[in-house]
Protein chains: 2
Amino acid sequence: MTIDPHSHTPVYVQLANLLREQIETGELRPGSALPSEARLTQEHGVGREAVRMAVALLRSEGLVKTVRGHGSYIRQTPERRQVELVPGASVVARMPSGKERRAMQLDEGVPVLEVRDPRGGVEVLAADEVELTRPA
Amino acid sequence: MTIDPHSHTPVYVQLANLLREQIETGELRPGSALPSEARLTQEHGVGREAVRMAVALLRSEGLVKTVRGHGSYIRQTPERRQVELVPGASVVARMPSGKERRAMQLDEGVPVLEVRDPRGGVEVLAADEVELTRPA
DNA sequence: GTCGATTTGTTCGTATGTATG
DNA sequence: GCATACATACGAACAAATCGA
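Residues numbered from 1 in each chain as written. Chains lettered and ligands numbered in written order. Predicted model: local features only at pLDDT ≥ 70, side-chain atom pairs only at ≥ 80, totals over all residues. Heavy atoms only, no water.

- By the naming in an unreviewed UniProt entry, chain A is Regulatory protein, gntR family, taken from Micromonospora auratinigra.

Here you go:
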């Protein structure tokens, strides 16, 4: 697929869709680097701003992680450990606050799970590390 | 706090941190508008791209919603309806794909909950609308 | 340790389109 | 129609971080 500058969908969204597909199909593997901004601008014939917005979009989706002066990398989600939801507990999912993201060293685009146990205790978990379960 | 162009943390991240704090402390109230891009560039002495990326970051965190031709507004989270997790079910939280966000009409920065029931059925829920519970 | 190549961060200028009031 | 404000897009330039020779 190529990019159509005259489409009603923004160029940067088209590029993000293209890269997302390459990630989801495994054409770009977890841990490997995205092509540099310069390469992406050349190969797709778009401006650098479109490239940067496309990468920012993928970052906000938790698909890639960008390191300044180095590159953008496909995030690999760690094994999800199973966490049992105790009786009487409740959970909400949301994006972390700035403090939480720094304290928990979360990458961009990683939600948190706020687990409230029946006694009022609250626990905040990185959403990409856990799978909540209710045993049968 | 002011912004340090020579800091190792990107200017747009510093600005986002600054605005995020104003939101979290209630200095900027839900429903109210952020200062315009022009005001933010002037008042903080940063470039337009920095302002736009900062706002985009807050948007990706679900803190603000931008209305084209009008401004950016502090998001207010809707009521959460309680959803009971059936026995044998499991849940993961993640950011939605582009398709999902369009299909479910999710604002940016809203995670989804992927609920898998014991028979293999999968349900995707907007995370800002639900609170998962396991009854006592 | 220094240098240079690569890559992302930041700013500015410019332009067009779209939505609101 | 007009003014304001955000959205998209390209080009150019320099700064800063990283890495390897």
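From this point, things continue past the structure.
## Regarding unusual backbone geometry
So, step 1. The phi angle at Gln105 of chain A is positive, at roughly 55 degrees, despite the residue not being glycine.
So, step 2. In this structure, Gln105 of chain A sits in the loop between α4 (98-103) and β5 (112-116). (Helix = DSSP H or I, 4+ residues; strand = E, 2+ residues; numbered from the N terminus.)

## Comments concerning the protein's contact with DNA strand D
So, step 1. Around DNA strand D sit 23 residues, and of these Val11, Gly47, Glu49 and Arg68 of chain A together with Thr66 of chain B come closest.
So, step 2. Within the side chain of Tyr12 of chain A, a nitrogen or oxygen atom sits 3.1 Å from a phosphate oxygen of DNA strand D.
So, step 3. When residues of the surface near DNA strand D are traced back to their parent elements, those giving at least two are α1 (11-24) and α3 (48-60) of chain A together with α3 (48-60) and β1 (64-67) of chain B.
So, step 4. Residue composition of the surface near DNA strand D, by class: seven nonpolar, nine polar and seven charged. (Near = heavy atom within 4 Å. Polar contact = N/O pair within 3.5 Å; in protein donor to acceptor, adjacent residues only side chain to side chain. Nonpolar A, V, L, I, M, F, W, Y, C, P; charged D, E, K, R; others polar.)

## Focus on the protein's contact with DNA strand C
So, step 1. The environment of DNA strand C is formed by 22 residues, the closest being Pro10, Val11, Tyr12, Arg48 and Ala50 of chain B.
So, step 2. Near the protein, within 4 Å, the atoms of DNA strand C are sugar or phosphate in 58% of cases.
So, step 3. In the environment of DNA strand C, a phosphate oxygen lies 2.9 Å from a nitrogen or oxygen atom belonging to the backbone of Glu37 of chain A.
So, step 4. Interatomic distance of 3.4 Å between a side-chain N/O atom of Arg68 of chain A and a sugar or linking oxygen of DNA strand C.
So, step 5. At three residues, the largest contribution of residues to the surface near DNA strand C is made by α3 of chain B.
So, step 6. Residues that form the surface near DNA strand C fall into these classes: six nonpolar, nine polar and seven charged.

## Side note on the relation of the copies chain B and chain A
So, step 1. When chain B is fitted to chain A, the best match, at an RMSD of 0.9 Å, comes from turning it 173 degrees and sliding it 0.2 Å along the axis.
So, step 2. Take the interface residues of chain B: 84% of them recur as interface residues in chain A, which is what a same-surface contact looks like. (Least-squares fit on C-alpha atoms with pLDDT ≥ 70 in both. Contact = heavy atoms within 4.5 Å.)

## Side note on the nonpolar core
So, step 1. Formed by 21 residues in total, the largest nonpolar core has its most connected members in Val91 and Leu113 of chain A together with Val91 and Leu113 of chain B.
So, step 2. Elements with a contribution of two residues or more to this core: β4 (90-94), β5 and β7 (130-133) of chain A together with β4 (90-94), β5 (112-116) and β7 (130-133) of chain B.
So, step 3. The residues touching Val91 of chain B, leaving out its near neighbours within four places in the chain, are Val130, Glu131 and Leu132 of chain A together with Leu85, Leu113, Glu114, Val115 and Leu132 of chain B. (Core = buried A, V, L, I, M, F, W, Y, C linked by side-chain atoms within 4.5 Å. Buried < 20%, exposed > 50% of the residue type's maximum accessible area, 1.4 Å probe, protein only.)

## Concerning the layout of surface pockets
So, step 1. Approximately 1,500 Å³ is the volume attributed to the largest pocket.
So, step 2. The wall of the largest pocket is formed by 45 residues, among which Tyr12 and Met53 of chain A together with Arg52, Arg59 and Glu108 of chain B lie closest to the centre.
So, step 3. Every element with two or more residues in the lining of the largest pocket is listed here: α1 and α3 of chain A together with α2 (37-44), α3, β1, β2 (71-74) and α4 (98-104) of chain B.
So, step 4. It is α3 of chain B that contributes the most residues to the lining of the largest pocket, eight residues altogether.
So, step 5. A breakdown of the residues in the lining of the largest pocket according to their chemical character gives 19 nonpolar, 11 polar and 15 charged. (1 Å grid on protein atoms, 1.4 Å probe; cavity = no way out; pocket = protein on both sides within 12 Å on 5 of 7 lines; lining within 4 Å. Points joined across faces, edges and corners; volume = space filled by probe spheres on them.)

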